[in-house]
Amino acid sequence: MITRFGMAKTGAGAARDEVLDRLRGSERILVVALPVARLLAGIAALGAVAAAGLGGYWLAAGPQAVERLWTRSAETAPADAVVDMPELVVNLRRDTPSRFLKIGLSLTVAPLDRQALEQAMPQLTDSLQEFLRNLDQDDLEGSAGLHRLRSEIKRRFNLILSDPAGRRDVVTDVLLRSLLTQ
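Computed from a predicted structure; not experimentally measured. Starting afresh in each chain, residues are numbered from 1 along the sequence in its written order. Totals for whole chains, interfaces and linings use all residues, but because this is a predicted model, local features are given only for residues with pLDDT of at least 70 and pairs of side-chain atoms are given and counted only at 80 or more. Side-chain calculation: all heavy atoms of the structure are included, whereas hydrogens and water are not.

(A) Structural context of the overall build of the chain. Only DSSP runs of H or I with at least four residues qualify as helices, and only runs of E with at least two residues qualify as strands; both kinds are numbered from the N terminus onward. Scanning the chain from terminus to terminus reveals 6 helices and 4 strands. Counted from the first residue to the last, the chain has its helices and strands arranged as α-α-α-β-β-β-α-α-α-β. By definition, residues are in contact when any of their heavy atoms lie within 4.5 Å. A fraction of 64% describes how many contacts in the chain between residues 6 or more apart in sequence connect residues 24 or more apart.

Structure, rendered in structure tokens:
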């Protein structure tokens, strides 16, 4: 092949020039148009899948449920309230090497249940003291022991505070502020 300047090209340079010459013509449109067409087809397919999913949800749940998807909820759930219990010092069982336990707890409750919790604080303190006096040091060993302690306290408090049907927990979490055995 001879170039504009009268020099002959060979090998890779000639092949490159041949490809560039072809792209300067009508094939240039195909190089640009085909990827754009594939992109538009992909977007259309994605839109069809989304429309089919929304239509299926509308058929299953009804039009009110679809409306709730697009409207913002004005009410948000208030954050849980944390109520501190007074620190307690109790004797452990006689057969343990540690004789005393000092514990400080915080209880997490819904804001609506805070008043009921504060009114029942004497019963909760009494129940907690009774439970803690029956523990020994082995019951408090490791993270599993602390988890059992927290879950048992939570269970006992919810039995005291629950409504007669007992459908929901009043105390949602028990937090250990301090724990000392001596």
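So, next bit.
(B) Quick peek at the side chain of serine 127. Turning to its location among the elements, serine 127 is positioned in helix α5 (residues 121–133). Exposure remark for serine 127: the relative accessible area of 13% places this residue in the buried category. Contact partners of serine 127, with chain neighbours within four places excluded, come to Arg156 and Ile160. For each residue, the accessible area found with a 1.4 Å probe, counting protein chains only, is set against the maximum for its type, and the residue is called buried under 20%, exposed over 50%, and partly exposed in between.

(C) Focus on a nonpolar patch on the surface. Residues qualify for a patch when their relative accessible area is over 30% and they have no salt bridge, like charges being joined within 9 Å and the nonpolar side chains of Val, Leu, Ile, Met, Phe, Trp and Tyr within 5 Å. Values of accessible area rely on a 1.4 Å probe in the Shrake-Rupley scheme; residue burial ignores everything except the protein chains shown. Every case where a carboxyl oxygen of Asp or Glu lies within 4 Å of a side-chain nitrogen of Lys or Arg is listed as a salt bridge. There is a patch of nonpolar side chains on the surface, built from Val31, Val32, Val36, Leu39, Leu40 and Ile43 and spanning about 570 Å² of accessible area. Here valine 32 is to be found in helix α2 (residues 27–61). Here valine 32 falls in the exposed class, since its relative accessible area comes to 53%.

(D) Molecular detail of the pairing of strand β2 (residues 88–91). What you see with β2 is a clean split: Leu88 and Val90 sit on the buried side and Val89 and Asn91 on the side with no burial. Strands are labelled as partners when DSSP assigns at least two bridges between them. Of the pairings in the sheet, the one linking β2 to strand β3 (residues 100–109) comprises 4 bridges and is antiparallel in character. Among the inter-strand pairings, valine 89 is bridged to a residue of β3, identified as lysine 102.

Note that every value here comes from positions in space, so none of it alone points to a role or purpose.
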